[in-house]
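Structural overview for review
Now for the letters of each chain:
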2 protein chains.
Amino acid sequence: MAEKFVSMRNLKFLLYEMFEAESLTRYPYFQEHSREIFDLVLDTGMRLGKELLFPCFSEMDKKPPEFVNGEVKVHPLVKVIMRECGEGGWIGAQAAYEHGGQQMPNLIMSAFRCIFSAANYSAAVYPFLTTGAAFLILSFGSKELIETYVPKMFAGEWQGTMALTEPQAGSSLTDLTTTAYPTDQGYYKIKGQKIFISAAEHDGGANVVNLLLARIQGAPAGVKGISLFVAPKLRPEGGKLVPNDLQCAGIYHKLGYRGSPITQLALGENNDCRGFLVGQPHQGLKYMFQMMNEARIDVGLGAVAIASAAYYASLQYAQERPQGRKVTSKDPTQPQVPIIEHADIKRMLLFQRAVVEGSLSLIFQCAKWVDLAHVLSGDEKDRYELLLDILTPVAKSYPSEMGILSVSAGLQCLGGYGYCEEFPLEQHWRDARIHPIHEGTTGIQGMDLLGRKVVMKDGRAFMLYLEEAGKTIQEAKGLRELAPFAQALAEALDKLKRVTGHLTGIALKGEIELFLADATLYLEMFGIVAIAWQWLAQAVVAQKALAKNPAEADANFYQGKLFTCRYFFGYELPKIEGLAARLLTGDGLTVAMKQEFFQD
Amino acid sequence: MAEKFVSMRNLKFLLYEMFEAESLTRYPYFQEHSREIFDLVLDTGMRLGKELLFPCFSEMDKKPPEFVNGEVKVHPLVKVIMRECGEGGWIGAQAAYEHGGQQMPNLIMSAFRCIFSAANYSAAVYPFLTTGAAFLILSFGSKELIETYVPKMFAGEWQGTMALTEPQAGSSLTDLTTTAYPTDQGYYKIKGQKIFISAAEHDGGANVVNLLLARIQGAPAGVKGISLFVAPKLRPEGGKLVPNDLQCAGIYHKLGYRGSPITQLALGENNDCRGFLVGQPHQGLKYMFQMMNEARIDVGLGAVAIASAAYYASLQYAQERPQGRKVTSKDPTQPQVPIIEHADIKRMLLFQRAVVEGSLSLIFQCAKWVDLAHVLSGDEKDRYELLLDILTPVAKSYPSEMGILSVSAGLQCLGGYGYCEEFPLEQHWRDARIHPIHEGTTGIQGMDLLGRKVVMKDGRAFMLYLEEAGKTIQEAKGLRELAPFAQALAEALDKLKRVTGHLTGIALKGEIELFLADATLYLEMFGIVAIAWQWLAQAVVAQKALAKNPAEADANFYQGKLFTCRYFFGYELPKIEGLAARLLTGDGLTVAMKQEFFQD
């Protein structure tokens, strides 16, 4: 069995050497913190990951939640994790002291969540989904809602969920029909159905708090008529918890991510499901989307975490498995070599490492911007929010899409064993497949990036991104060994600009369908360039550290970083050539393709 | 539930319009056949596929084989399928009349196997694995072995297997240690272990006939000391079948392909496992590899069949599922459109169709060459055998690797439903993942292509391939609409030649490790170009057919072909740019990367 699922050395490299987490303590909001405290958070995460989550990784997959008489029985670990996370303060760690939080940077908590998700993705969903839901209430809810729900959620006693999807409204949230009927009692009566809701019913907590999108009776059509509600499974009433007419109608049997129940909900079948409005009427989607950046980046984080666990499992196998000989010495009487000595295996390992550590770097970059946007104001805040706006679809999609290929490469390293349940790769591969789907499919992210983020505010977010990447290029140019990569990234960014200009030109001509037809490819190209940028930035740090003659273990680590950077520029970055060729000459093929041409 | 898993229209297009299957009946071996007989074969395949195999597709996955007291219980369908295939003559259909066969072209039987595998891949493995094993005996075995085993196998009573892999010898067959001890009784006593053997024990037939590689005691080390044996589960003795000391030690629990048991075998634990030598001593690997081309092409066929079923399931969903509106008309009061109207969904459908129909075309091309090599002699036979040699790793790997991505695109079309067991996509995705692993991993195929096939006989196979593709380019150049694609393919082939010359130049300098380091990428590039060639060839046929003003349904079908060809040249072929860039500038990164740089 694999023993390692994430690298503490790499986490610390990114947090401290790359993103200088300690520098955040200069800001009043984080001033109580220190490197020691951050290390303690990471060590605790690693201890819980190793001792609590990882040992149940396979078992939670093999014994998925059961739906019995309208209730969902989950693995007993869920209750333990929620309690541990509640008691340790991990669910609300980022919240302000006044709300029972620890004012912990998102950057540090992203590393913590990464450890949890790498140890056991399904298990990690319970506490951190609760975090997201609680923050929505904190951000937009009334004092009463906050006091009623948030402490229980932060304590790990009540599960939080995000209840958006309906049978007719998945990617198209505009078509939500769940309805909230006003009463004069301070609540709404909710009627409707929700599907694909993670953890909306289970016995690992005492209650479930659904953050639910619904349409107030008579509201405008479309997204402008959607409001946000708290609709708990049990509602507090007269000092007790009473059922809130919110029935779990079933759970889905899924490819992976099996430790977490994905539920169908029937709301108000007995006309007694009460929903409590969060904030103003008709602002629900806006509220939800203000949390969406972080939720989407966290999907990328979950993807990279799974890919990390898969990478270390395949690395361990490659180091231990003897098979074949070097192509230069085929003498069958000589012993076999560990497969890590074969170039093609090293290529697959480098690919995985490039995806994992490159994606994680981008995600931590975003996490730090979340922190900076939180503590800064005015133009500075705007700057980081715009950077987050444009990079969120990338930080969600690149790890999600490439994470699957990364895990697949890990599985391939194991040959036939990779296909068998006795090794964890096959589960990682199944688990990973959810990420391009939930929190907005890759197709939706592509349209968000190209159709909204790139063009918003006259392209200002895009310009800020180019500025950030430009800084890294300047730094790298100053290091002889990295100058060719700096040059390559500069050329890639030029190509991206050219493609962007070409596409926005189509938009200016009003050909919107053509403009967006290949948005997914644009997202893919954008993602590769962004990860190249992160690899160059890591290489700058590694190269400088190597120049200081570090101890052998550190030197090997930094050399590994430099080789992986070279891998990325040699094997991954050239993929933009084909994408750019397509994007620059798109002939509207997929727009022109008629439905009947698929008939045969 | 999806209703269609393969397109008869497309099969007939490929068989009759593209590859002119009827022309094979000019050769004496096939002279008894006709279009009517071929159609009957296809219709029977489709009937069995629809009525027998497809209905159990999901059930065989959900109720996988069970290992009970050393025996393996499989789905009751297995016995029925084996009987139907035996009675219908489908297992031995390609064999000569004198051996109980029907002298059916491999081209036609490839289509038959495609239908079966698309309907239910796991179920199709039983009869067609038997075909391969029986043909090995027919080709190299003694008259006695043939008479003892082949009729029972063709009748579907006895299962055939290929028993190669051992715990220490997967990709490295040179390290086989299973030993055959000579006796003076006309048989050998076998001792050893085999793992990952498909269907080597189950209750769907009366016996299992393993075609087994072992080393005769005292044989030379390496591949030159490997012999081929028949080692049955039960051996005929005195008119009865008696146990042959060949124990099933267990079965593997797998990611997919679950309807078929993959077994571990312990041979000769009681010193009474008898093996019967096939052909000459120490020639086993050579024999095995003479069958390997077809076995490997059949893996490609299995991959494309799964991708076909996934494609039609996602196409049906895309036609039926309303979600969202055209980007040009977002009015939420208007009804939603079926998702097939979204450009990004059409792109994912075109991608699937491009992979499925492009791969199938290449596989049928190879199947026809198998037939021609069989009935021709001298230079002509050599020509087709060389073409098969060079294209076999491509026909195995392109569908295997791209099939997974194709199914993944199909799954993505379904969004959250694609991730759920109530739709077939998730199973197809799991089933498909075996193909880059078995019958030689993709890495092994890459080394076979670049290290052996491309350079063999001074590059003659490669030249023949260029000649074949050149013919298609000439044809396409004569059609105004296709001339640009002809030009694009010519340029792609030039690029492939340049890359090949660059790499073989490295080999000539003796830098073998560097030469082969990126063989997998070379295979990928080679594959994309080969499929582009097949798409151009299909477009030529479609364009000519369209010029004859066919009926509307046919016109739509041909238009679909032309659009998919355009898709391939627009979206897939440009991927060779990045691959060529890498292959032309490879710096030996994966050779130089040290094991300790992976440590952290």
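Residues numbered from 1 in each chain as written. Chains lettered and ligands numbered in written order. Predicted model: local features only at pLDDT ≥ 70, side-chain atom pairs only at ≥ 80, totals over all residues.

**Observations regarding the overall build of chain A**
Secondary structure assignment for chain A yields 19 helices and 12 strands. The C-alpha radius of gyration of chain A comes to 24 Å, within 12% of the 25 Å expected for a compact globule of 600 residues. Overall, chain A is about 80 × 65 × 60 Å in size when its C-alpha atoms are taken along their principal axes. With 600 residues in all, chain A has 60% of them scored as buried. Taking the contacts inside chain A whose residues are at least 6 apart along the sequence as the reference set, 76% of them involve residues at least 24 apart. (Helix = DSSP H or I, 4+ residues; strand = E, 2+ residues; numbered from the N terminus. Rg over C-alpha atoms; globule rule 2.2 N^0.38 Å. Buried ≥ 20, exposed ≤ 12 C-beta atoms within 10 Å, placed from the backbone. Contact = placed C-beta atoms within 7 Å.)

**A few points about the packing of helix H6 (residues 121-140) of chain B against helix H7 (residues 143-154) of chain B**
Residues and elements named next belong to chain B. Orientation of H6 relative to H7, taken along the N-to-C sense of each, is 160°, at an axis distance of 10 Å. Taken together, H6 and H7 sit at an angle that is classed as roughly antiparallel. Taken as a pair, H6 and H7 cross one another with a handedness that is left-handed. Where H6 abuts H7, its residues Thr130, Ala133, Ala134, Ile137 and Leu138 lie against Leu145, Ile146, Tyr149, Val150, Met153 and Phe154. The class makeup of the residues in the contact of H6 with H7 is 10 nonpolar, 1 polar and no charged. (Axes fitted to C-alpha atoms, helices over the stretch in contact; angles between N-to-C directions. Parallel < 35°, antiparallel > 145°, perpendicular 65-115°, else oblique. Left-handed = near helix turned anticlockwise from the far one by under 90°. Nonpolar A, V, L, I, M, F, W, Y, C, P; charged D, E, K, R; others polar.)

**Looking at unusual backbone geometry**
Of note, alanine 199 of chain A is a non-glycine position whose phi angle comes to about 60°, a positive value. C-beta crowding within 10 Å serves as the criterion here: with 27 such atoms nearby, alanine 199 of chain A is assigned to the buried category. Of note in the backbone geometry, asparagine 271 of chain B takes a positive phi value of approximately 60° without being a glycine. What makes asparagine 271 of chain B exposed here is the crowd of 10 C-beta atoms within 10 Å.

**Here's the deal with the confidence of the model for chain A**
Chain-level pLDDT for chain A is 97 on average; 100% of the residues reach the 70-or-more range. Predicted complex, confidence summary: ipTM 0.98, pTM 0.98. (pLDDT = per-residue confidence, 0-100.)

**Looking at the relation of the copies chain B and chain A**
For the pair chain B and chain A, the best superposition has an RMSD of 0.0 Å and corresponds to a rotation of 180° with a translation of 0.0 Å parallel to the axis. Taken together, the rotation and translation relating the two chain copies correspond to the operation of a two-fold axis. Take the interface residues of chain B: 100% of them recur as interface residues in chain A, which is what a same-surface contact looks like. (Least-squares fit on C-alpha atoms with pLDDT ≥ 70 in both.)

**Things to note about the interface of chain B and chain A**
Taken together, the contacts link 75 residues of chain B with 75 residues of chain A. Mapped by element, the contributors of at least two residues to the side of chain B that touches chain A are helix H1 (8-18), helix H9 (343-375), helix H15 (512-517), helix H17 (552-572), helix H18 (575-585) and helix H19 (589-592) of chain B. Here the side of chain B that touches chain A gets 9 residues from one element, more than from any other, and that element is H17 of chain B. Each residue belonging to the side of chain B that touches chain A can be placed in one class, and the counts come to 30 nonpolar, 27 polar and 18 charged.

**Focus on the environment of tyrosine 29 of chain A**
All names here are of chain A. Secondary-structure assignment places tyrosine 29 in the loop between helix H1 (8-18) and helix H2 (35-53). Judged by the 16 C-beta atoms lying within 10 Å of it, tyrosine 29 is partly exposed. Taking the C-alpha atoms as reference points, tyrosine 29 and methionine 402, separated by 373 residues in sequence, lie 35 Å from one another. If we skip the residues at most four places from it in the chain, tyrosine 29 touches Gln103, His374 and Val375.

**Comments concerning the environment of alanine 488 of chain A**
Residues and elements named next belong to chain A. Relative to the helices and strands, alanine 488 is located in helix H14 (residues 483-508). Overall, alanine 488 belongs to the partly exposed group, with 18 C-beta atoms counted inside 10 Å. For the pair alanine 488 and leucine 573, spaced 85 residues apart in sequence, the C-alpha separation works out to 8.7 Å. Look past the residues within four positions of alanine 488 in its chain and what remains in contact with it is Phe569 and Leu573.

**With respect to the pairing of strand S12 (residues 274-278) of chain B**
Residue and element names in this part refer to chain B. A large share of S12 lies buried, amounting to 5 of its 5 residues. Residues Arg274, Phe276 and Val278 line one face of S12 and the alternating positions Gly275 and Leu277 line the opposite face, and both faces are buried. Where strand S7 (residues 226-232) meets S12, 3 bridges bridge the pair, whose relative direction is antiparallel. Looking at S12, one finds that leucine 228 is bridged to valine 278. (Pairing = 2+ DSSP bridges.)

**Some remarks on H2 of chain A**
Residues and elements named next belong to chain A. A rise of 1.5 Å per residue sets the reference length of H2, with its 19 residues, at 27 Å; its end C-alpha atoms lie 25 Å apart and thus fit the reference within 8%. Residues of H2 that are buried include every one of Phe38, Val41, Gly45, Leu48, Gly49 and Leu53, and no others. Each buried residue of H2 sits inside an arc of 105° when the element is viewed along its axis, so together they form one side. In this structure, H2 carries Glu36, Leu40, Asp43, Arg47 and Glu51 as exposed residues pointing more than 90 degrees from its buried face. Its buried side turned inward, H2 meets helix H4 (77-88), helix H5 (106-119) and helix H6 (121-140). (Expected span 1.5 Å × (residues − 1). Arc of directions from axis to C-beta.)

**Notes on the environment of serine 117 of chain A**
Its place among the elements puts serine 117 of chain A in helix H5. Assessed through the 28 C-beta atoms surrounding it within 10 Å, serine 117 of chain A is described here as buried.

**Considerations on the packing of H5 of chain A against H6 of chain A**
When two helices pack together, their arrangement is given by the angle between the helix axes and the distance between those axes. Residue and element names in this part refer to chain A. Relative orientation of the contacting elements H5 and H6 amounts to 140°, with a least axis distance of 6 Å. By the angle class used here, H5 and H6 are oblique. Crossing of H5 over H6 shows right-handed handedness. Where H5 approaches H6, its residues Arg113, Phe116 and Ser117 are matched on the opposing element by Tyr121, Ala124 and Phe128. Residues belonging to the contact of H5 with H6 are distributed by class as follows: 4 nonpolar, 1 polar and 1 charged.

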